[in-house]
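# Chains, contacts and geometry: an overview
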Amino acid sequence: MDNKMEYKSPLSSRYASKEMKYIFSEQKKFTTWHELWIALAKAEKELGLNITQEQIDEMVENKDIVDFEVAEAREKEVRHDVMSHVYAYGKRCPKAEPIIHLGATSCYVGDNTDILLMRDALKLILEKAIQVELNLTRFAIEYKDLPCLGYTHLQPAQLTTVGKRATLWMYELATDIVELERRLEDLRMLGSKGTTGTQASFMDLFENDEEKVKKLDQLIAEDFGFAGCVPVSGQTYSRKVDYNVLSTLSGIAQTASKFSNDMRILQSFGEMEEPFEEHQIGSSAMPYKRNPMRSERITSLARYVMIDSLNPAITAATQWFERTLDDSANKRISVPEAFLAVDGILNLFINISSDMVVYPKVIESRVMEKLPFIATENIMMEAVKKGGNRQELHERIRVHSHEATLRVKRDGLSNNLIELIANDPDFDLSEEEIRASLNPSLYVGRCPSQVTEFVQDVINPIVRRHPHENISTEINL
């Protein structure tokens with residue numbers, strides 16, 4: 001039963017998935033330590049040390065069992081977490097006890113485990129990011145032809161389409177996916193580098209046989225499916241690795257925050273809404289409200305992740321010589337919580353993007369309200385064809401536009417720009433001729449084609465690179 005008298009991180013209790021929470025759980029951490037000790041023993045045996053298969057089999061048989069009570073009691077006595085778990089694992093594996101952790105320092109299990117957990121977490125993040133892309137892709141294709149107001153400075157500018165706008169969200173996320181791929185490809189284990197990174201203890205074990213010491217790193221890396229270990233290190237892997245990983249997570253947070261802020265504004269405009277469940281309450285005081293709560297939560301969590309990414313930056317900058325321990329407490333918090341927060345963000349992103357609500361009539365109404373202003377360049381060109389002076393017509397449109405804007409903003413009346421232009425003899429255009437140009441689809445440029453090309457050229461290759469049973473198939477156009 002949960003202890004209601006103690007603080008619990010909301011990232012764990014409210015936002016992150018079970019899968020992500022397990023990756024950073026104590027069970028996963030310490031069973032990974034066991035796997036690393038097994039890998040070390042197997043490699044040392046292969047390279048000629050006096051380690052028996054019976055000892056390794058005993059370790060393998062017990063690798064998924066963590067005697068937490070034994071380890072915790074031992075840690076109270078010796079004040080060392082790694083040696084406490086060496087002790088507990090040794091008690092469960094008495095035949096292997098003499099060779100567990102042979103030649104290693106604490107960072108052999110600590111740092112290598114951190115790399116392994118980050119790899120698993122990055123893979124889960126990547127899977128969810130691709131699912132968001134697929135959701136947005138289906139949305140973009142469905143609405144690639146629907147004109148809507150485009151904005152610069154949050155002021156109406158030229159038209160775009162609802163689907164084309166979605167590609168802006170998709171493109172930023174696509175760059176994040178490429179970064180995730182790069183982080184996974186570049187990730188390397190620490191390996192068995194020893195107390196100051198010199199591998200001196202292993203040189204002693206292997207009687208100064210450098211080739212065997214180098215092979216030890218290679219065998220451990222291969223055991224865990226890595227291309228290799230870091231080429232050089234102090235006692236720890238460079239804390240720049242944590243910074244690079246959290247920078248990638250920060251990038252995802254930035255992308256999600258931009259999306260969520262756009263959604264919040266669109267919901268305020270009445271053009272789009274995030275999903276709203278049948279019995280969901282939007283406000284405790286105003287029953288009619290449908291607040292964009294999920295988008296707001298994305299914004300909130302994203303802000304945390306972006307700030308959290310500064311932690312490993314400062315940590316990396318303040319590591320002295322071969323290592324200091326001021327990294328430990330910070331990275332125990334900053335790295336897992338960044339992953340949990342981004343996991344929560346993507347869970348929300350998947351939920352919203354899978355069922356966004358669009359209100360075409362509201363969008364059309366807002367477009368038609370502003371379209372007379374947007375169409376003025378085309379109107380001006382038509383008047384020039386009839387013999388008008390472009391510079392003089394530009395000035396006349398400027399005057400008429402400000403008059404129509406004042407009528408709308410000050411008097412609350414409809415936009416009468418078309419009537420003003422039609423009644424101006426300098427244009428020599430009838431109202432019917434002018435209104436014929438007020439077809440929104442004439443003002444969206446290449447939006448539909450851009451959507452199609454973007455999906456073909458950017459999104460589908462990403463999906464093909466990552467076939468997975470939990471990810472839907474690529475989009476067929």
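## Thoughts on a nonpolar patch on the surface
A contiguous nonpolar surface patch, about 320 Å² in accessible area, is contributed by Ile-307, Leu-310 and Ile-314. Its place among the elements puts Ile-314 in helix α13 (residues 310-317). For Ile-314, a relative accessible area of 56% corresponds to the exposed category.

## Brief notes about the pairing of strand β1 (residues 147-152)
Sheet topology note: the β1/strand β2 (residues 155-161) ladder contains five bridges and is antiparallel. Looking at β2, one finds that Leu-149 is bridged to Leu-159. Connecting β1 to the antiparallel partner β2 that follows it, the hairpin turn spans two residues, and His-153 within it adopts a positive phi of roughly 60°.

## Quick word on the nonpolar core
Trp-37, Met-59, Tyr-108, Ile-125, Leu-249, Phe-339 and Met-356 are the most contacted members of the largest nonpolar core, which totals 131 residues. Among the elements that make up this core, the one with the highest residue count is helix α7 (residues 106-142) (19 residues). Setting aside its immediate chain neighbours within four residues, Phe-339 contacts Met-20, Phe-24, Met-118, Ala-121, Leu-122, Ile-125, Val-245 and Leu-249.

## Some remarks on unusual backbone geometry
The phi angle at Arg-79 is positive, at roughly 60°, despite the residue not being glycine. Residue position: Arg-79 is located in the loop between α5 (68-78) and α6 (81-92). Here Arg-79 falls in the exposed class, since its relative accessible area comes to 71%.

## A short note on the packing of aromatic side chains
When we look at a pair of aromatic rings, we describe it by the centre distance and by the angle of the planes. In total, this model carries 10 aromatic pairs according to the counting rule given. Considering the side-chain rings of Trp-169 and Phe-259, the 4.9 Å spacing of their centres and the 90° angle between planes classify their relative orientation as edge-to-face. Of this pair, Trp-169 sits in helix α8 (residues 162-186) while Phe-259 sits in helix α11 (residues 240-269), and the two are 90 residues apart along the sequence. Residues Trp-169 and Phe-259 agree in their burial class; the two are buried. The structure contains a cluster of three or more aromatic residues connected by ring pairs, namely Phe-30, Trp-33, Trp-37, Phe-68 and Tyr-89. Lying over the aromatic face of Tyr-237, Arg-239 brings its terminal NZ or CZ to 4.6 Å of the ring centre.

## Some points on helix α10 (residues 210-223)
Taking 1.5 Å per residue as the helical rise, α10 with its 14 residues ought to reach 20 Å, and the 20 Å between its terminal C-alpha atoms agrees with that figure. Among all positions of α10, only Val-213, Leu-216, Asp-217, Leu-219, Ile-220 and Ala-221 are buried. The elements touched by buried residues of α10 are α3 (26-46), α7 and α9 (200-205). Where α10 begins, the side chain of Asp-209 points an oxygen toward the backbone nitrogen of Glu-211, at a separation of 3.2 Å.

## Quick look at the pattern of salt bridges
Using the criterion set out here, one finds 31 salt bridges in the structure. Arg-332 is the partner of Asp-81 in a salt bridge, and the nearest nitrogen-oxygen pair spans 3.3 Å. With Asp-81 in helix α6 and Arg-332 in helix α14 (residues 328-353), this pair connects stretches of sequence that are 251 residues apart. Taking the relative accessible area as the measure of exposure, Arg-332 reaches 49% and is therefore partly exposed. With its nearest N and O atoms 4.0 Å apart, the salt bridge here joins Arg-396 to Asp-426. Of this pair, Arg-396 sits in helix α17 (residues 390-411) while Asp-426 is found in the loop between α18 (417-422) and α19 (431-435), placing the two residues 30 residues apart along the sequence. We classify Arg-396 as partly exposed; its relative accessible area is 29%.

Thresholds, definitions, all that
Residues numbered from 1 in each chain as written. Predicted model: local features only at pLDDT ≥ 70, side-chain atom pairs only at ≥ 80, totals over all residues. Heavy atoms only, no water. Patch = residues over 30% accessible without salt bridge, like charges linked within 9 Å, V, L, I, M, F, W, Y side chains within 5 Å. Areas by Shrake-Rupley, 256 points an atom, 1.4 Å probe, with all protein chains shown as cover. Salt bridge = Lys/Arg side-chain N within 4 Å of Asp/Glu carboxyl O. Helix = DSSP H or I, 4+ residues; strand = E, 2+ residues; numbered from the N terminus. Buried < 20%, exposed > 50% of the residue type's maximum accessible area, 1.4 Å probe, protein only. Pairing = 2+ DSSP bridges. Core = buried A, V, L, I, M, F, W, Y, C linked by side-chain atoms within 4.5 Å. Contact = heavy atoms within 4.5 Å. Phe/Tyr/Trp six-rings, centres within 6.5 Å; stacked < 30°, edge-to-face > 60°. Lys NZ or Arg CZ within 6 Å of the ring centre and 35° of its normal. Expected span 1.5 Å × (residues − 1). Polar contact = N/O pair within 3.5 Å; in protein donor to acceptor, adjacent residues only side chain to side chain.

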